[in-house]
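Structural features, examined
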Amino acid sequence: MTSLSIKKLPDSILRKKTIKVGSVGALEKKILTDMAETMYISQGVGLAATQVGLDRQIAVIDIGNGLIKMINPVIIKKEGSDIQDEGCLSVPGVSVKVKRARKVIVTYMDENGETVQMEAEGLLARAIQHELDHLSGKLIIDYLGPVKKMLIKRRSSKNA
Ligand code: CO
């Protein structure tokens, strides 16, 4: 296992729209393992491929009850809504109130190439939506108003 370095704002990879994975092989399995390791070391509840510099539709999630490895995830149903504070390993020190669906149904390919359909709610549903945002280049600061967003951008470019 290898711990990868996490890309932070304003790294442009974080804004990339990711490419679908064609099939799961040894490389994809290694990426999933390394991403999980990186997530645990960083004490995050999820990590998307763009956060480690890869523009592929790969994400890992563990909200404390088991590791989920997702390839090409797609949300096929959303229900309800809920507003909670969210942080992101790529936007350190920032907490944003984000409105998300309370319940989702997601389909994805697991590390064996099998299609999985999963229903999730609460924190898990939130984590899934957060990671899927990453896979289309979206970050939590995009949920802020323009002034707050500008201040955070300015602060992160100074630190870069
Ligand atoms: Co994030």
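Residues numbered from 1 in each chain as written. Predicted model: local features only at pLDDT ≥ 70, side-chain atom pairs only at ≥ 80, totals over all residues. Heavy atoms only, no water.

1. Describing the pattern of salt bridges
For the coordinates displayed, the defined rule picks out 14 salt bridges. Note that Asp133 and Arg100 form a salt bridge whose closest N and O atoms lie 2.8 Å from each other. Of this pair, Asp133 sits in helix 2 (residues 122-135) while Arg100 sits in strand 5 (residues 96-100), and the two are 33 residues apart along the sequence. Under the relative-accessibility criterion, Asp133 is labelled buried at 13%. When the shortest N-O distance is used, the salt bridge between Glu121 and Arg102 registers 3.4 Å. (Salt bridge = Lys/Arg side-chain N within 4 Å of Asp/Glu carboxyl O. Helix = DSSP H or I, 4+ residues; strand = E, 2+ residues; numbered from the N terminus. Buried < 20%, exposed > 50% of the residue type's maximum accessible area, 1.4 Å probe, protein only.)

2. Regarding helix 1 (residues 26-41)
Taking 1.5 Å of rise per residue, 16 residues should cover 22 Å, and helix 1 covers 23 Å from first to last C-alpha, within 8% of that figure. Along helix 1, the positions that sit buried rather than exposed are Glu28, Ile31, Leu32, Asp34, Met35, Ala36, Thr38 and Met39. Lining the buried residues of helix 1 we find strand 1 (46-48), strand 2 (58-61) and strand 3 (68-79). (Expected span 1.5 Å × (residues − 1). Contact = heavy atoms within 4.5 Å.)

3. Concerning the coordination of the cobalt ion
Summarising the metal site, the cobalt ion is bound by the protein donors Cys88 (SG), His130 (NE2) and His134 (NE2), whose distances to it range over 2.0 to 2.2 Å. Linear spacing of the donor residues for the cobalt ion on their chain is C-x41-H-x3-H. Linking Cys88 in the loop between strand 4 (82-86) and strand 5 with His130 in helix 2, this pair joins segments that are 42 residues apart in sequence. Like Cys88, the residue His130 is buried in the burial classification. (Donors = N, O, S within 2.8 Å, 3.2 Å for Na, K, Ca; no water.)

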